[in-house]
Amino acid sequence: MIKKIFCLMVLLFLVSCNSTKSPTQNNKKNSSSTKKTIVYSKNSSANGVATKRLEVVNQYIEQYKGIAMSNMKNFGIPASIILAQGILESGAGKSSLAVNSNNHFGIKCHNDWEGEFVHHDDDSEKECFRKYNDPAGSYKDHAKFLTTKKRYASLFSLAKGDYVAWAMGLRAAGYATDPLYPEKLIAYIERYDLHQYDSQVLGKSVVNAPVSNRVDNQVVNGDGTLYEVQKGDTLYSISKKFNVLVEDLQRNNNLTDNAISIGQKLIVK
């Protein structure tokens, strides 16, 4: 009798173990069946940064194209040049000088400035830069700066639609110390089709620049080279192709990281 009771207890114990174990196994199976696989793309972050940069520049153009065309009508400075300088000098409105002082054109104080100013590191430490109440003040002062300074007088004999000549002329007149300044302006104008705003003011159909003045993948008047990014290119591969440092490519093209996009024109010399 005792033997039978013992066997019955063992049997009940085994049955209870199996009944409690089964749900655990099912839970594991269910957990594994609902587990998601996340695939991370190496280029997703870089593409996101490039897209964001494109959006920032396009927003800047949309915001200031009206005042640029107005200044072209009133002062004779090509709207494409105004916008390209604004994008380049202010980092499309995101530089500390633009954000904190509304200075979109990197204009320094000089001897005749009587307004507010800030000190900012540029070619030298703690240089004096003009400060404005709003970006519109910077755009107005930029027009006044170019039209009243004698060294820029020769620019106004150039055709208003010839942005290449204007870009070269600004560098020759000493607007910037960067030897690649003209190429950078031209690259922005052609990449973002800024010359369309010149055509609108001049009442002309929007056309591409003459072939003799176009900046494509080749040398620009011997001073620098623009390369159009192709599928599969990286900053590293481009640096090897043209024997330059990645850091130089970033600095010369105002890049904050290694993100580039197909069709983007880079200064590589």
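Structure: above.
Residues numbered from 1 in each chain as written. Predicted model: local features only at pLDDT ≥ 70, side-chain atom pairs only at ≥ 80, totals over all residues. Heavy atoms only, no water.

A. Just helix H9 (residues 235-242), in detail. Among all positions in H9, only Leu-235, Ile-238 and Ser-239 are buried. Buried residues of H9 fall within an arc of 105° about the axis and therefore sit on the same side. Exposed positions of H9 whose direction lies more than 90 degrees from the buried face are Tyr-236 and Lys-240. Positioned one or two residues after H9, Asn-243 has a phi angle of 60°, which is positive. (Buried < 20%, exposed > 50% of the residue type's maximum accessible area, 1.4 Å probe, protein only. Helix = DSSP H or I, 4+ residues; strand = E, 2+ residues; numbered from the N terminus. Arc of directions from axis to C-beta.)

B. Quick look at the environment of Trp-166. Relative to the elements of secondary structure, Trp-166 occurs in helix H6 (residues 163-172). In the structure, Trp-166 is positioned 88 residues away from Pro-78 in sequence and 8.1 Å away in space, judged by C-alpha atoms. Residues in contact with Trp-166, not counting those within four places in the same chain, are Gly-76, Ile-77, Pro-78, Ile-81, Leu-155, Phe-156, Leu-158, Ala-159 and Lys-160. (Contact = heavy atoms within 4.5 Å.)

C. Representation of the packing of helix H3 (residues 79-90) against helix H8 (residues 195-202) within the structure. Where H3 contacts H8, the axes come no closer than 7 Å and their chain directions differ by 150°. Handedness of the crossing formed by H3 with H8: right-handed. Contacts from Ala-79, Ser-80 and Leu-83 in H3 reach His-195, Tyr-197 and Asp-198 in H8. Here the contact of H3 with H8 is composed, by residue class, of three nonpolar, two polar and one charged. (Axes fitted to C-alpha atoms, helices over the stretch in contact; angles between N-to-C directions. Left-handed = near helix turned anticlockwise from the far one by under 90°. Nonpolar A, V, L, I, M, F, W, Y, C, P; charged D, E, K, R; others polar.)

D. Layout of the state of the cysteines. Under the counting rule described, the total for this entry stands at one disulfide. In this model, Cys-109 is linked to Cys-128 through a disulfide, with the two sulfur atoms separated by 2.0 Å. Its S-S torsion of about -70° marks the bond between Cys-109 and Cys-128 as left-handed, since a negative value means left-handed. Highlighted residues: Cys-109 in the loop between helix H4 (96-101) and strand E1 (117-120) and Cys-128 in strand E2 (residues 127-130), separated in sequence by 19 residues. Owing to a relative accessible area of 7%, Cys-109 belongs among the buried residues under this scheme. (Disulfide = S-S within 2.5 Å.)

E. Broad picture of unusual backbone geometry. Even without glycine at this site, Asn-102 takes up a positive phi of about 60°. Within the fold, Asn-102 resides in the loop between H4 and E1. Of the residues examined, Asn-102 reaches a relative accessible area of 16% and is grouped as buried. In this structure, His-110 takes a positive phi of about 60° despite not being glycine.

F. Geometry of the packing of aromatic side chains. In the structure shown here, the tally under the stated rule is ten aromatic pairs. With a centroid separation of 5.3 Å and 90° between ring planes, the pair formed by Phe-156 and Trp-166 is classed as edge-to-face. With Phe-156 in the loop between helix H5 (135-148) and H6 and Trp-166 in helix H6, this residue pair connects regions lying ten residues apart in the sequence. Accessibility expressed as a relative area gives 0% for Trp-166, which makes it buried. Relative to Tyr-181, the ring of Tyr-175 lies with its centre 6.0 Å away and its plane at 25°, an arrangement referred to as stacked. We classify Tyr-175 as buried; its relative accessible area is 13%. Tyr-181 gets classed as buried once you look at its relative accessible area, which sits at 3%. An aromatic cluster is defined as three or more aromatic residues linked by ring pairs; in this entry it consists of Tyr-60, Tyr-64, Phe-105 and Tyr-139. (Phe/Tyr/Trp six-rings, centres within 6.5 Å; stacked < 30°, edge-to-face > 60°.)

G. The arrangement of the pattern of salt bridges in detail. Applying the stated criterion to the full structure yields eight salt bridges. The partner of Asp-112 in a salt bridge is Arg-130, with the nearest N and O atoms 3.3 Å apart. With Asp-112 in the loop between H4 and E1 and Arg-130 in strand E2, this residue pair connects regions lying 18 residues apart in the sequence. The partner of Asp-112 in a salt bridge is Lys-149, with the nearest N and O atoms 3.0 Å apart. Linking Asp-112 in the loop between H4 and E1 with Lys-149 in the loop between H5 and H6, this pair joins segments that are 37 residues apart in sequence. The network of salt bridges with shared partners includes Asp-112, Arg-130, Asp-141 and Lys-149. (Salt bridge = Lys/Arg side-chain N within 4 Å of Asp/Glu carboxyl O.)

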